[in-house]
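Analysis of the macromolecular model
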Amino acid sequence: DAITYREAREARAVRQAVRLDKAGSRRGLPRQHRRAGKPAMMATQYTSIGELETAIQAYIAELPEGAVDDPALPSPLNYNELNYNGRTDLVEGCMAHGGYLTLSKALGIPVRIGVERPPDA
């Protein structure tokens, strides 16, 4: 009997699920809590991308003049920068709608990778 490719993949997936289940029980987690799939953060405030874009544009308008284009500062939608400015709602919204890089490109907001806020700022 030749095992088909699909059957082999299904068998592998079952073996992997059993291994994960055993690993969860070794951590002492009750069965119903293992791999529950609950997200760590939920963007309950921004249910649509339009609402999020409007909130982002309002946030950008509130920033000091020149802060968006200053190469010494991180990207305005960088998660650390949003947290620094007290906008965890936008962090959650960005994560729920594709990430800050995707939204920055869509809205034409500059992205600066690897730039961190200076300690004295």
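Before reading on, note that the structure itself is shown above.
Reference entry: report on the structure contained in this document. (Residues numbered from 1 in each chain as written. Predicted model: local features only at pLDDT ≥ 70, side-chain atom pairs only at ≥ 80, totals over all residues. Heavy atoms only, no water.)

Glancing now at helix H5 (residues 100–107). When we look at burial in H5, the residues that qualify are Tyr100, Leu103 and Ser104. Taken end-on, H5 shows its buried residues confined to a sector of 105°, consistent with a single buried face. With respect to the buried face of H5, the exposed residues turned more than 90 degrees away are Lys105 and Ala106. Lining the buried residues of H5 we find helix H2 (49–62), helix H3 (79–84) and helix H4 (88–96). One or two steps after H5, the chain reaches glycine 108, where phi turns positive at roughly 75°. (Buried < 20%, exposed > 50% of the residue type's maximum accessible area, 1.4 Å probe, protein only. Helix = DSSP H or I, 4+ residues; strand = E, 2+ residues; numbered from the N terminus. Arc of directions from axis to C-beta. Contact = heavy atoms within 4.5 Å.)

Glancing now at the side chain of serine 75. Position of serine 75 relative to the elements: it lies in the loop between H2 and H3. We classify serine 75 as buried; its relative accessible area is 0%. Side-chain polar atoms of serine 75 contact the backbone nitrogen of arginine 112, separated by 2.5 Å. The residues touching serine 75, leaving out its near neighbours within four places in the chain, are Glu81, Tyr100, Pro110, Val111 and Arg112. (Polar contact = N/O pair within 3.5 Å; in protein donor to acceptor, adjacent residues only side chain to side chain.)

Following both chains from N to C, one finds H2 and H4 inclined at 140°, their axes separated by 11 Å at the closest point. Put simply, H2 runs oblique to H4. As H2 packs across H4, the resulting crossing turns out to be left-handed. Contact residues: Leu52, Ala55, Ile56 and Tyr59 in H2; Leu90, Gly93 and Cys94 in H4. Tallied by class, the residues present in the contact of H2 with H4 amount to six nonpolar, one polar and no charged. (Axes fitted to C-alpha atoms, helices over the stretch in contact; angles between N-to-C directions. Parallel < 35°, antiparallel > 145°, perpendicular 65-115°, else oblique. Left-handed = near helix turned anticlockwise from the far one by under 90°. Nonpolar A, V, L, I, M, F, W, Y, C, P; charged D, E, K, R; others polar.)

Function cannot be inferred from these measures alone, as they are strictly geometric.
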